[in-house]
Amino acid sequence: MLDGWLGDGGRIARIEWRRHDREFGRSRGRRIGLVLSYCVVAVVLGSGAWVVGDDLATTEAAPSAAGSLAVTLAFGWVVVRSASLTHRRFEGLSSDALLTAVPVRTAVLGLVSFVFARVGVAIVLPTVGVAVGLAVGAGTPWIALSAVVAIAALAALAVAVGVAGRLAGSLVGRRLARGGLYRNLLVVFGWVPLVTLWFLLRELSVSAAELGAWLEWLPLALLVDLAFLGADGTAGVEPLRALAAVGAVAVVVPALLGLTTNVARRLWVTESVGSTRSTTPSHSRSLAGGGRLDRLLGGSVSRPTRTVARERLLAERRAPRGLLSTGYVLLFVALVGLPVFGALLGTPGFLLVVFGLGVAAGIVFTAEPIGSAYRVLPMLLTTVRGRQFVGGLVLASLLLGVPLVVLVVVPLGIVSDASLLETGALAVTGVALCACTATVNAAIELNVDRADLVPVSGFVTDGPVYSEPGWGAFSGLAKSFGIVSLVALPAFLGNARWVYERAPALGVPTAAVRLGALCCTIVLAVGVSRIAFRIAVARYRDYRLE
Amino acid sequence: MTQPSRDTSDESSDKLNDEPDDPSDEPNGEPAIVANGLTKTYGETTAVEDLTLEVDPGSIYGFLGPNGAGKTTTIRLLTALTLPTNGSGAVAGVPIADREALVDRIGYLPESPPIYEQLTAREQLEYYGGLCGMDASAIEERLDELLERLELAEDADDRIVTYSKGMRQKTGLMQAILSDPDVVFLDEPTSGLDPRAARTVRELLTELAANGTTVFLSTHVLPVVERIATDVGICYEGRLVESGSPEELLEGLETSADSTLEDVFLEVTTETE
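A. Structural detail: the overall build of chain A. On a plain count of helices and strands, chain A comes out with 22 helices and two strands. Considering only intrachain contacts with a sequence separation of at least 6, the fraction spanning at least 24 residues in chain A is 81%.

B. Looking closely at the overall build of chain B. Along the backbone of chain B there are nine helices and ten strands. Considering chain B as a whole, with its 273 residues, one finds that 54% of them fall into the buried category. By sequence separation, contacts in chain B at least 24 residues apart represent 72% of the contacts at least 6 residues apart.

C. How the structure looks around the interface of chain B and chain A. Of the residues lining the interface, 45 residues belong to chain B; the matching set on chain A comes to 46 residues. Of all the elements in the fold, those that place two or more residues in the side of chain B that touches chain A are α2 (99–102), β6 (106–109), α3 (121–131) and α4 (136–149) of chain B. Tallying contributions element by element places α3 of chain B first for the side of chain B that touches chain A, with eight residues.

D. A look at the packing of helix α15 (residues 349–364) of chain A against helix α18 (residues 386–415) of chain A. Residue and element names in this part refer to chain A. Axis separation between α15 and α18 bottoms out at 8 Å; the angle between their running directions is 165°. Accordingly, the angle class assigned to the pair α15 and α18 is roughly antiparallel. Every pair of crossing elements has a handedness; the one defined by α15 and α18 is right-handed. In contact with F350, V353, V354, L357, G358, A361, G362 and V364 of α15, α18 contributes S397, L400, G401, L404, V405, V408, V409 and L412.

E. Seen up close, helix α14 (residues 321–344) of chain A. Residues and elements named next belong to chain A. For α14, which comprises 24 residues, the first-to-last C-alpha distance of 33 Å matches the rise-based estimate of 34 Å (1.5 Å per residue) to within 8%. Of all bends in α14, the biggest is about 50°, found at G337, and the proline P339 comes one to four residues later. Just downstream of α14, G346 is the residue with a positive phi angle, here 80°.

F. Quick look at the environment of R450 of chain A. Residue and element names in this part refer to chain A. Here R450 lies in the loop between α19 (420–445) and β1 (454–457). Judged by the 15 C-beta atoms lying within 10 Å of it, R450 falls in the partly exposed class. Considering only alpha carbons, one finds R450 and A131, 319 residues apart in sequence, at a separation of 45 Å. If we ignore the near neighbours within four places in the chain, the residues touching R450 are I370, Y374, L377 and L545.

G. View of the packing of α14 of chain A against helix α20 (residues 472–494) of chain A. All names here are of chain A. For the pair α14 and α20, the least separation of the axes is 12 Å and the interaxial angle reads 45°. Looking at the two axes, α14 sits oblique to α20. Handedness of the crossing formed by α14 with α20: right-handed. Residues S325, Y328, V329, F332 and F341 of α14 pack against L477, F481 and F492 of α20.

H. Highlighting the sheet that holds strand β2 (residues 45–55) of chain B. Residues and elements named next belong to chain B. The four strands are arranged β2-β1-β4-β5 in an open sheet whose pairing can be described as antiparallel. Of all strands in the sheet, those bounded by a partner on one side alone are β2 and β5 (94–95). Pairing between strand β4 (residues 86–91) and β5: two bridges, direction antiparallel. Within the sheet, the bridge partner assigned to V91 lies in β5 and is V94.

I. Highlighting unusual backbone geometry. All names here are of chain B. Look at E151: it is not a glycine, yet its phi comes out positive at around 55°. Along the chain, E151 turns up in the loop between α4 and α5 (165–177). In this structure, E188 takes a positive phi of about 55° despite not being glycine. Looking at where E188 falls in the secondary structure, it is placed in the loop between β7 (183–187) and α6 (195–210). Of the residues examined, E188 has 20 C-beta atoms within 10 Å and is grouped as buried.

J. Geometry of the nonpolar core. Grouped together as the largest cluster of nonpolar side chains are 166 residues, with contacts concentrated most on L433 of chain A together with V91, V215 and F216 of chain B. The leading source of residues in this core is α19 of chain A, at 14 residues. If we skip the residues at most four places from it in the chain, V215 of chain B touches I60, Y61, V184, L186, L205, L208 and A209 of chain B. Core analysis: the second largest hydrophobic core is formed by 67 residues, A155, L215, A221 and L223 of chain A among them.

K. Quick look at the sheet that holds strand β8 (residues 214–218) of chain B. Residues and elements named next belong to chain B. What the six strands build is an open sheet, ordered β6-β7-β8-β3-β9-β10; its pairing is mixed. The two strands at the open ends of the sheet, each matched to only one other strand, are β6 and β10 (239–244). Neighbour-to-neighbour, the strand axes of the sheet open up by a mean angle of 15°, direction not taken into account. Examined bridge by bridge, strand β9 (residues 231–236) and β10 share five bridges and lie antiparallel to one another. Within β10, the residue paired with C235 across the bridge is L240. On the sheet, α5 packs against β6 and β7 and is oriented at approximately 170° with respect to β6. Contacting β3 (60–64), β7 and β8, α6 runs over the sheet at an angle of about 145° to β8.

L. Spatial organisation of the environment of A432 of chain A. Residue and element names in this part refer to chain A. For A432, the location among the structural elements is in helix α19. A count of 26 C-beta atoms within 10 Å places A432 in the buried class. Placed 94 residues apart in sequence, A432 and V526 show a C-alpha to C-alpha distance of 6.6 Å. Sequence-distant contacts of A432, defined by excluding residues within four places in its chain, comprise I522, A525 and V526.

M. Geometry of the pairing of β6 of chain B. All names here are of chain B. A two-sided burial pattern is seen for β6, the buried positions comprising I106 and Y108 on one face and G107 and L109 on the other. Bridging between β6 and β7 involves four bridges; their strand directions are parallel. Paired with G107 across the bridge in β7 is V184.

N. Layout of the environment of G67 of chain A. Its place among the elements puts G67 of chain A in helix α3 (residues 64–90). Along the backbone, G67 of chain A and L404 of chain A are 337 residues apart, and their C-alpha atoms lie at a distance of 46 Å.

Thresholds, definitions, all that
- Residues numbered from 1 in each chain as written.
- Chains lettered and ligands numbered in written order.
- Predicted model: local features only at pLDDT ≥ 70, side-chain atom pairs only at ≥ 80, totals over all residues.
- Helix = DSSP H or I, 4+ residues; strand = E, 2+ residues; numbered from the N terminus.
- Contact = placed C-beta atoms within 7 Å.
- Buried ≥ 20, exposed ≤ 12 C-beta atoms within 10 Å, placed from the backbone.
- Axes fitted to C-alpha atoms, helices over the stretch in contact; angles between N-to-C directions.
- Parallel < 35°, antiparallel > 145°, perpendicular 65-115°, else oblique.
- Left-handed = near helix turned anticlockwise from the far one by under 90°.
- Expected span 1.5 Å × (residues − 1).
- Bend = angle between axes of the 7 residues up to and from the residue.
- Pairing = 2+ DSSP bridges.
- Core = buried A, V, L, I, M, F, W, Y, C linked by C-beta atoms within 7 Å.

The structure is reproduced here in C-alpha cells:
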C-alpha cells in the first residue's frame, strides 16, 4: 500500500516535471546556460566557503553572524522559489482527473516531490561548491558532510514552508472576500517593504556583521551550528544546537506537509468551486455605452474604441492583472531608475516620480494583451479593427494616466519650488510618457504568438490565465522600459543640476534648459507613440491564429 | 425578429478609425461565400486541400465531416483568422485576405465560445455590440429579445464563470448573431444544449436565413443539418468530397428510400476511405 502511495506520488512528480519542462520550453542552449550559471554560482560560493574554512582553521572560531545572514538569505530564496513552483503547478494538476484516481495525500506528495526535486537540482552544484570549499579551507572532510546535511535540512524546511505558505495564501484568497485583495496587494507591492528595509538599513549604516548578529537570534541560526559541526573543536559551535536543528527540522517539516495536505484538500475538495453563484456577485455594469465616456469622447473616438477601453477598465477592476506589471515597473524604477538616473545623472526626484507614474499607467492595460484576450481572440479578430483595438488600449491607459499624473504632479508642483509653467510641463510630460509606454508596449506585446502562451495560475484570479512562460513577459516589459527611458533621457539630462547650472554661463536661462528638455521629451514621446501605434495596428491586423 | 442596425454615426468623425470603405455594401447576387482552391498546410500535414465551394446568400450551409477533416481550419480560413497556403476566397464580397474589411460582415462562434469568464452575459454581449458599433438602444433591444428566446434572461447578470456549458454556448451563439451579420459561421452551435434550447437555436438560424443572413454551419449533429440546411458539403481529409442540397445527396447515392443524411455521410466517408 505504502509502495503504491509512494509510487503514485513519484509518477505524478515525474509527469509534472515533464510538463513543466515542455511548458517552459527549455532549449538545449538554455539548459547549457542554466548549468553554466549554476557552475558560476557554485564557484563563487565555493570560493567564499574556502575563505570561511580557512578562517575557521586559523582562528578556530565559527563566523556565526555571517553564517546566520547567509542561511537567512538562502532560506528566503528557497521559500520564494518553492512558492513560485507550487503556484505554477497547482492549478495545472488536472485535479478532477487526479482526485478520481488517487487520494489527496498522494496528489500532494506528487506536487511536493516535484518542488523538492526542482529545488534540489537547482542547489546541488552550489552545495557541492560550498562543501568542497569549506573542506579544502578548513582542512577536514567532515565539515563538508555537516555542511551538506545542514543545506539539505535548510532546503527541506524552506520547501515545506514555501509550499504550505503558497497554498495557504490561495485558501485565504478564496475564503475571504478581502483576502484575495490583500493577497494581490502583497504579490504586487510586497517588494516595497523589502526595498524600504534595504534603504533603511543603508541609512542607519547597519553593517552586514551587525545584521548577522541580529539574525543569530532566529531559530535558523541553529543550522549554522549544524553546518560547522564537522570542524571539530571550533569555538562557538555547539553540538547540542546542531542536534536541535536536526530535531526541529524533523518535526516541523512533516507538520508542514500535513498542513499542506489539509490545505490542498480544502482547495481541491471541500471548496473546490471557487466561483459559485453564492460567492460571485450578480450584477452587470453597462458596457453598452451612454455614460460619461461617451459624453466626453463620443464625437471624436469611435464606439468600438470606447468599448475596448471600457471593457479593459472593467476587466482590470475585477482581476487586476495589469497591476502586477505595474508592480514590476515600479520595481524597475526603484532599482534601476533611482540609482542610474537619480544617483548617476542627478535627475530630480520629482521628475522620476512623473516618469514612474507615466510608465506605470501606460503598462496597466497593455501588459500581455494577447494573454488577456486569449479566449476571446477569435471574436476580437473577427470584430474589431487594429486601430480600434490598439486605440482602445491607449485610451484606457490615458483614462488612468491623465488623472493620476495630474493628481500627483499638481499638488507636488504647488508645494515644491517648481513654477506653474514647469509644473504644467511636467504633467504633460507624464501624460506623454504614459501614451508612449502604452503604444510601445502594445506594439511589443502584439508580436507574441498565441501558440507560445501557456496557462499559468494567476496571482489575481482563481483560475489559470494565459501568459508567456519564463522570462518572456519580463523581457517585453524590460524592452518597453528601455525604450521609454531613452525617450525620457533628454528630460532627465536637461533637469540634472550639473547640466542646467552651466547654462547661464552660455547665456541660456536655466528655466529654458529645463523646460526645453521637457518639451524635447514630449515631442520625442509623441513621435515614438505615433510610430509604435502604427506598428501595433499592423501587428494586430496581420495577427493570425495559425 | 427585430433587425438591429450598426450605429456608425460617429464613425465618420472617428479619428482613430479612418479605414477604407467596405468593397460591397449591398449584396448584388454574388455568392455569400466563395472559396477557390483553398489549401492550408502545416509543415507536412495538409489540413485543407484545394477546397472550392460557393454558398448562396440567405442559405444555411451544413458543413459536415469526421473529426480532423479540416472543418475548423476551413472556417478559420474563411474568417481570415488564418492565412491560406494557396487559393483565395471571399465572404460577403470581401476577399478573405482583408480581415479589416471583413469584420463588419461576419459573426463567428468557434467550438469553444469566445467569452470573458469574469463578465456577466449581459456585459459580454453589450461589449460585443459596442465593438460592432451598435448603439446602446439597439444592443438592449436585440439583447432582451435573444436572452428571452434562449431562456437566459434570469441569469444574464451572473458572471459567466458560474455558467454551465450550455449557458456559455448560448452566450457565444447570441454574440455571433447579435449584430445581424451578413454571414455567420457556427462551429457546433448546439454543443452542450438541451433539446429545448437546441430546437430554439434551429428556429433562430432558420429565421436568420429567412432574413437574408447566410449561415455556415459546421456540426456533427446530422439531424440538425438535415432539418434546416439548404445545402450540404461533406469534407473528408481536407477535401470537399460531396456537396449539394440534402435531397440531391440522398438521391445521388446508393441509399434506400428511408435513408438519412447520416447514411449519406457514412457512405461518402467510407467510399473516400
